[in-house]
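The residues making up each chain are set out below.
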Amino acid sequence: LILLDSLLQEMLSWLTSLQSLLPRLSCLPSPVTVVMGNQACDLDSGVSCLTLAFHRAAAQPGSTVLPVFNIHSQDFPLKTELVAVLAEENIHAEHLIFRDTLDLASMMNLQLVLVDHNVLTEEDKELESRVVEIIDHHAKETDHDNATIEQVGSCSSLVLRQILAESPSFQDLSCLRMILKTILMDTVGLQPAAKRVTPLDVEMVGKCEEVLGPQDRGEMFRRLVEEKSRVDHLTVGQLCRRDLKVVSKDGVRIALSSVPMLARRWTELAEVEKEVGDFIADGHYTVLLVIGIDIAKDNVTRDLVLAGDEASDSYKKIKTALENNTEPCLGLELDKTVSSFVRYSQQNRAASRKQILPIVKQALEV
């Protein structure tokens, strides 16, 4: 217990020390390395960002390495499973750095490491020249010469493999616990039927348990799903912001919101039409794509809801692309019982937003 407390204190001490550095970052003569996750800031993105930054800071004494969560601080409470996993390590919002905490563009000494995404958003394009490394598991959209991009279940698997390659004796219990939970969440508890798990994910879970000892993976996964589904206190608009990615092209903005329930159930929530209208107006979106999922007894069910300006070319292109895409085929079936939006049941249970987002991007290029 004393060892565990000291390790937790080491992580907290490091995070706390970073807060005092923030006002002086632009004045530091040496490079400042920022490890940043994607704009959804889900469990995988947050844990990948935090653990890689912690490792690099420990491995390079005297260096300045910051983990930055790629959301505004006001949205952190919406990330229920990330909040819960960090809280189990005594890490809370006041220990973290968010996008509204510092201005990356003003940091002339910035070195940017991207995890869980490999291209910057339109709003961050000015930072492209600062990117020095990428670790990601999404579709490759970059030709950066220092990019590790592999189609595995969890980016945390790639991060842990990289950490172990740099420090084979790495045994930080806090990091390994968080990574283990993340891999289990991303791979639906390593269940082959979900078609998310790869040999690397299995190997990295094994590496975690070599240090942590055997874990009750089923119970761990069940608790994570419970935390992810704990959203009854959130409004429709908050659910849209909770796990959001945005695709932009020539001023057209498309929102892709993953929700921890079937999208059909989401359409039945209170004031859904008003909340969707406000969300689309506030974000200047042309289209909102809600990506739903339900996990019950290891069975995965998926569906989609399309909302927005039905008369726009972008809406029509995206609708056609989703229905007709062949690699992958989503297996969409139109549900005519939902009146206010276009809703599809999705037969391809393996296709998550990771596979759907490139379809949307390609549709906007046509």
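Figured I'd write up the structure that's included with this text. None of the values given here were measured: they were computed from a predicted structure.

1. Things to note about the overall build of the chain
Consideration 1: Counting its regular elements, the chain contains 12 helices and 11 strands.
Consideration 2: Here the chain has a C-alpha radius of gyration of 20 Å; the compact-globule value for 366 residues is 21 Å, and the two agree.
Consideration 3: In terms of overall dimensions, the chain has a C-alpha envelope of 60 × 45 × 40 Å along the principal axes.
Consideration 4: Per-residue burial for the chain yields a buried fraction of 55% across its 366 residues.
Consideration 5: A total of about 16100 Å² of accessible surface is found on the chain, and carbon and sulfur atoms cover 49% of it.
Consideration 6: Of note, the chain has its 37 positive side-chain charges centred 3 Å away from the centre of its 54 negative side-chain charges.

2. Notes on the side chain of Ser-258
Consideration 1: Note on placement: Ser-258 falls in strand S7 (residues 252-259).
Consideration 2: Note on Ser-258: relative accessible area 15%, which makes it buried.
Consideration 3: Here Arg-353 takes part through its side chain, which lies 3.5 Å from a polar atom of the side chain of Ser-258.
Consideration 4: Here Ser-258 is in contact with Leu-239, Asp-243, Ile-291 and Arg-353, once residues within four sequence places are set aside.

3. Concerning the sheet that holds strand S6 (residues 244-249)
Consideration 1: Within the open sheet, the 6 strands sit side by side as S6-S7-S8-S9-S11-S10. Their pairing is mixed. Each of the sheet's edge strands pairs with one partner strand only, and the pair in question is S6 and strand S10 (332-335). For this sheet the average axis-to-axis angle between neighbouring strands, irrespective of direction, equals 20°.
Consideration 2: Sheet topology places S10 next to strand S11 (residues 342-346); 4 bridges connect them, and they run antiparallel. Within S11, the position partnered with Leu-334 by the bridge is Tyr-344.

4. Focus on the packing of helix H5 (residues 173-186) against helix H7 (residues 217-228)
Consideration 1: Two elements in contact, H5 and H7, have axes separated by 9 Å at closest approach and are oriented at 75°. On the basis of their axis angle, the class for H5 and H7 is roughly perpendicular. Along its contact with H5, which presents Leu-180, Lys-181, Leu-184 and Met-185, the element H7 presents Arg-217, Met-220, Phe-221, Leu-224, Val-225 and Lys-228.
Consideration 2: In the contact of H5 with H7, the residues fall into 7 nonpolar, no polar and 3 charged.

5. What to know about the layout of surface pockets
Where empty space is left becomes clear once a probe the size of a water molecule has been rolled over the atoms.
Consideration 1: There is about 710 Å³ of room inside the second largest pocket.
Consideration 2: The wall of the second largest pocket is formed by 23 residues, among which Gln-39, His-72, Asp-75, Leu-244 and Tyr-285 lie closest to the centre.
Consideration 3: Listed by contribution, the elements that provide at least two residues to the lining of the second largest pocket are helix H8 (236-242), S6 and helix H10 (272-283).
Consideration 4: A per-class count over the lining of the second largest pocket returns 5 nonpolar, 9 polar and 9 charged.

6. What to know about the packing of aromatic side chains
Consideration 1: Tallied over the entire structure, the rule returns 6 aromatic pairs.
Consideration 2: An angle of 45° between the planes, with centres 5.8 Å apart, marks the rings of Trp-266 and Phe-341 as tilted. In this pair, Trp-266 sits in helix H9 (residues 263-266) while Phe-341 sits in the loop between S10 and S11, placing the two residues 75 residues apart along the sequence. The same class applies to Trp-266 as to Phe-341, namely buried.

7. Regarding the environment of Ala-165
Consideration 1: Mapped onto the elements of the fold, Ala-165 is located in helix H4 (residues 155-166).
Consideration 2: Placed 117 residues apart in sequence, Ala-165 and Asp-282 show a C-alpha to C-alpha distance of 44 Å.

8. Some details on the pattern of salt bridges
Consideration 1: Applying the stated criterion across every chain, the model contains 25 salt bridges.
Consideration 2: Note that Glu-128 and Lys-125 form a salt bridge whose closest N and O atoms lie 3.3 Å from each other.
Consideration 3: Look at Lys-125 and you get partly exposed, because its relative accessible area is 30%.
Consideration 4: Among the ionic pairs, Arg-343 bridges to Asp-335, the shortest N-O distance being 3.0 Å.
Consideration 5: Assessed through its relative accessible area of 10%, Arg-343 is described here as buried.
Consideration 6: Judged by its relative accessible area of 12%, Asp-335 falls in the buried class.

9. Regarding the pairing of strand S9 (residues 299-308)
Consideration 1: Of all 10 residues in S9, 7 are buried, a share of seventy percent or more.
Consideration 2: Two strands pair when backbone bridges link them, and strand S8 (residues 287-296) and S9 are joined in this way by 10 bridges, in the antiparallel orientation. The partner of Asp-294 across the bridge, within S9, is Thr-301.
Consideration 3: Here S9 runs beside S11; their pairing, made up of 5 bridges, is antiparallel. From the neighbouring strand, Leu-306 faces S11, where its bridge partner is Val-342.

Conventions we followed
Residues numbered from 1 in each chain as written. Predicted model: local features only at pLDDT ≥ 70, side-chain atom pairs only at ≥ 80, totals over all residues. Heavy atoms only, no water. Helix = DSSP H or I, 4+ residues; strand = E, 2+ residues; numbered from the N terminus. Rg over C-alpha atoms; globule rule 2.2 N^0.38 Å. Buried < 20%, exposed > 50% of the residue type's maximum accessible area, 1.4 Å probe, protein only. Areas by Shrake-Rupley, 256 points an atom, 1.4 Å probe, with all protein chains shown as cover. Lys, Arg positive; Asp, Glu negative; His and termini not counted. Charge placed at Lys NZ, Arg CZ, Asp CG, Glu CD. Polar contact = N/O pair within 3.5 Å; in protein donor to acceptor, adjacent residues only side chain to side chain. Contact = heavy atoms within 4.5 Å. Pairing = 2+ DSSP bridges. Axes fitted to C-alpha atoms, helices over the stretch in contact; angles between N-to-C directions. Parallel < 35°, antiparallel > 145°, perpendicular 65-115°, else oblique. Nonpolar A, V, L, I, M, F, W, Y, C, P; charged D, E, K, R; others polar. 1 Å grid on protein atoms, 1.4 Å probe; cavity = no way out; pocket = protein on both sides within 12 Å on 5 of 7 lines; lining within 4 Å. Points joined across faces, edges and corners; volume = space filled by probe spheres on them. Phe/Tyr/Trp six-rings, centres within 6.5 Å; stacked < 30°, edge-to-face > 60°. Salt bridge = Lys/Arg side-chain N within 4 Å of Asp/Glu carboxyl O.

That is the geometry; function is a separate question.
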